[in-house]
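Residue-level structure breakdown
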Amino acid sequence: MKRILLVVLLAFLFCSCKKQVLYEEYDPIFKTGDDASWSAKNLEEKGWSKDRGLTANRVFWIRADTKLISKTDGALGLQVEAFGAYELFWDGVKIGVNGKPGSPMVREIPGTEATYYQIPDSLSKPGIHKIALRSTQFGYPKLQRGIGLRLDTYVELIRRPLILSSIMFIMAGAFLVASLYYLFLYFNSHKRQYPVLIFSVICLLFFSLLLTEYLKFYIEIPYTKFFIRMEIIGWLTFSISLLVPLYFCIQFGIKRKYILLFPLFCVLLFLYINNYGHYDISARYYSMAMWLAMMIISAIAIYKKEKGALLVITGVLASAGMNYYLHYDFGIFLFYTFIVLSMLYLHTIRMQKIEQEYSDSLLLSSRLQLELIKKNIQPHFIKNTLTSLIDWVEESPKKGAEFIQALANEFDIMNAIAEQSLIPIRQEIHLCQMHLKIMGFRKEIHYVWEEDGIVESENIPPAIIHTLLENGITHNMPQSDGTIRFKLTFTKTPHQRQYTFDALGKNREVNEGQSGGNGFKYIRARLEESYPGKWKFMSAESSQGWSSTIKILN
Amino acid sequence: MKVLIIEDEARIARRLERMSVAHFEGNVVVNICDSLKKGLDFLEKESIDILLLDLNLNGRDGFEVLQTITARSFQTIVVSANTENALRAFELGVLDFVPKPFDQDRLSLALSRATSVKKDLDGSLRFLSVRKNGSIRLVELTQLNYIKGAGIYTELHLLDGSRALHDKGLDALEKILPPGFERIHKSYIVQIGQAEIILVSSGSKYSLRLKNTEILPIGRSKYKAFRARMELSGKPHATPVQQRH
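Note that the coordinates shown come from a computational prediction; the quantities given were computed from them, not determined experimentally. (Residues numbered from 1 in each chain as written. Chains lettered and ligands numbered in written order. Predicted model: local features only at pLDDT ≥ 70, side-chain atom pairs only at ≥ 80, totals over all residues.)

Residues and elements named next belong to chain A. Remark: helix α10 (residues 397-417) packs on helix α11 (residues 425-443), axes separated minimally by 9 Å, with the N-to-C direction vectors making an angle of 150°. As far as their axial angle goes, α11 and α10 are roughly antiparallel. The handedness of the crossing between α10 and α11 is left-handed. Taken together, the residues of α11 that come into contact with α10 (itself represented by Phe 403, Ala 406, Leu 407, Asn 409, Glu 410, Ile 413 and Ile 417) are Gln 427, His 430, Leu 431, Met 434, His 435, Lys 437, Ile 438 and Phe 441. Split by residue class, the contact of α10 with α11 holds nine nonpolar, four polar and two charged. (Axes fitted to C-alpha atoms, helices over the stretch in contact; angles between N-to-C directions. Helix = DSSP H or I, 4+ residues; strand = E, 2+ residues; numbered from the N terminus. Parallel < 35°, antiparallel > 145°, perpendicular 65-115°, else oblique. Left-handed = near helix turned anticlockwise from the far one by under 90°. Contact = placed C-beta atoms within 7 Å. Nonpolar A, V, L, I, M, F, W, Y, C, P; charged D, E, K, R; others polar.)

Looking at chain A, the pLDDT average stands at 86 and 94% of residues meet or exceed 70. Taken together, the stretch residues 1-9 of chain A has pLDDT below 50 and engages in two contacts with residues farther than four places along the chain or on a different chain. (pLDDT = per-residue confidence, 0-100.)

Another aspect to go through is α11(A). Residue and element names in this part refer to chain A. With 19 residues, α11 should cover 27 Å at 1.5 Å per step; its first-to-last C-alpha distance of 26 Å lies within 8% of that length. All of the buried residues along α11 are Ile 425, Glu 428, Leu 431, Cys 432, Met 434, His 435, Leu 436, Ile 438, Met 439, Phe 441, Arg 442 and Lys 443. One or two residues past the end of α11 sits Glu 444, with phi positive at roughly 55°. (Expected span 1.5 Å × (residues − 1). Buried ≥ 20, exposed ≤ 12 C-beta atoms within 10 Å, placed from the backbone.)

For the rest of this paragraph, the subject is helix α12 (residues 464-475) of chain A. All names here are of chain A. Here α12 is 12 residues long and its end C-alpha atoms lie 17 Å apart, about the 16 Å a rise of 1.5 Å per residue gives. Counting buried residues along α12, 11 of its 12 residues qualify, which places the element largely inside the surrounding structure. Restricting attention to buried positions, one finds in α12 the residues Ile 464, Ile 465, His 466, Thr 467, Leu 468, Leu 469, Glu 470, Asn 471, Gly 472, Ile 473 and His 475.

Another aspect to go through is the environment of B:Asp103. Structurally, the position occupied by B:Asp103 is in the loop between β7 (96-99) and α5 (104-115). Along the chain, B:Asp103 and B:Arg15 lie 88 residues apart, while their C-alpha atoms are 9.2 Å from each other.

This paragraph deals with the nonpolar core. For soluble globular proteins, the rule of thumb is that nonpolar side chains tend to be buried together. Core analysis: the largest hydrophobic core is formed by 56 residues, its most contacted members being B:Leu51, B:Leu52, B:Ile77, B:Val78 and B:Ile189. When residues of this core are sorted by domain, at least three fall in each of domain 1 (2-115) and domain 2 (180-245) of chain B. Look past the residues within four positions of B:Leu51 in its chain and what remains in contact with it is B:Leu4, B:Ile6, B:Ile69, B:Phe74, B:Thr76 and B:Ile77. Membership of the second largest hydrophobic core comes to 47 residues, among which are A:Phe175, A:Tyr286, A:Phe335 and A:Phe338. (Core = buried A, V, L, I, M, F, W, Y, C linked by C-beta atoms within 7 Å. Domains from an automatic or database assignment.)

Here it is, written out as structure tokens:
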């Protein structure tokens, strides 16, 4: 796509470069004063100077020769780029006005900077022609700006800016759409990300820059307002030159980016002050400063082995090459286009990563849910429970019924918490107590539940104490009095909440291996799901049995 | 009859004990160990006839120990909740697999398999675990040539000519071996695939020549059934040949 765009662009460039009119141009000469005869084709140009001098609030004349060598069919056109208001003469014939020149008595009506005139066929024979301008420049009495004269077919003169602006506006449209899209994306996403907003703003700035740059072709700006547009372009370029490196710093995760960005800001400010008034030069220097910053950033990113860094540096280098060969305006916009394309690419990489993380987290949540549900249907639990249950029913139907009730209660709680990621601590304790009741029937061990400092308003991921309890039942043997005690203690400080779960019994032989592996994985995954990066889990043998600690940091 | 129960659930262990006593009508000594380690320690000191083993013991994978256990002389009956492990257990040579929850009938069926001579297994056994110098080696059944009884042990004669001792007696092995193995003599079990020809010598003495030319005796009482078996498996030389001296 990028290549097709380039080919189309070049095709336009080449077709507009094809000269249909051949001519030689000569330097203009100036004279302050006013004489209607100065418009004549043949005039003894005595006392005319190559230097305009300060004209202040006086009328001055400009005369220039041009030698038309050949031209194709169609009307000849003249493009004039000059400041002020003037009447234009071609071989002594007045062919147009731009604004209205003033006089000491009459105020000047300012003209616009670039104008196009059609030359009558009778006056466009090959040979030397004289262009004369009767001009005033009250708006900038002290400014001496050069005058530009160009000959071409009239149609070509009018059409060329149209083609150029149409291409640029296609680009501008793309930037506008991108800007709006990412703006909406920023405001409508769950997790607002600054890079998205910055990207949107950069796109908007590009859009404004293109719009301002090519505004001149269809809006008549009086020459007195000419520099306002240039000032706007300057500031737009300034902001872009600062924001683009910032965006890449963020995308490449460069730490201490301000060490790079602050000097960049200073350099840009220096360039602004130092080249004040030279708008094109400032803009060019801004772009160069940005280019340099981009090179540094992509070099760091390559060093850090960031994804997409190679593409960015390729884009940056390629745009430098383009800039060298192409006309300034094109070069700078191509550079920007490359930058935006690499930004888009980086953004998609990032989005892909975010999507991946999101789907991973969804997957993890559902896997954890499944694991929770499986706890009660895994064969080891259910079949051992059922076997004991049959035995109890056969021996004592009353006890059997009690057993069934406990089992039903545990199922109820499990069912209620299955889809939660956090549940009230009391619910978790009920679950544990029901489990102990069931295990009591199965193992015929007297299990005792104790708790200390429980705060009812606290929440906890489901079945994590339950998992610790299961481990405790598996790995502990009753003490001499035939009991195993379990104790849950809660403490809270301003910085953290802590659950300590102690299984007080005799540890089974160590060489039987701790099957805690899977259970601990479940606990860690649940803690990470609800308190990402803000938890600690420890579990170790203690003098009285087994002790586990869960710390949740605030 | 001596039975050991390795089961960490007290209630289930007691159920197994009660049902075993009922099955053997009291003629049984039952011991219960609530952990595998205790069970293995017990087996070091005592000899038993039947082991009732909970495969998922305290979370530790029972297969590690199943190999050790099936190499022993007693018959192993696995009593487990994890029925998906049954096939692997049979491959390793357990006599039966009783899924939980179980009742008296199902357990009795397993226990009677251990004591009866009737062979009614579908032959899932794939390996025989052999104890040698304290380590366990799995012998694939396809590697077996024939098995010779040697007192309370058996001698496994392998295709590569090597031998290995197995703690189970010939009767115990016969109960777990698949149909591809045939008892031809009170002291011999052969792999049918390795049998070549039945030789009849004067005085109605029958013997079997194996593919590796070894000759094994055929018991008079086993001859008829074995001949039918040979014909069934389509051995070209299955018809008896008179051998002249």
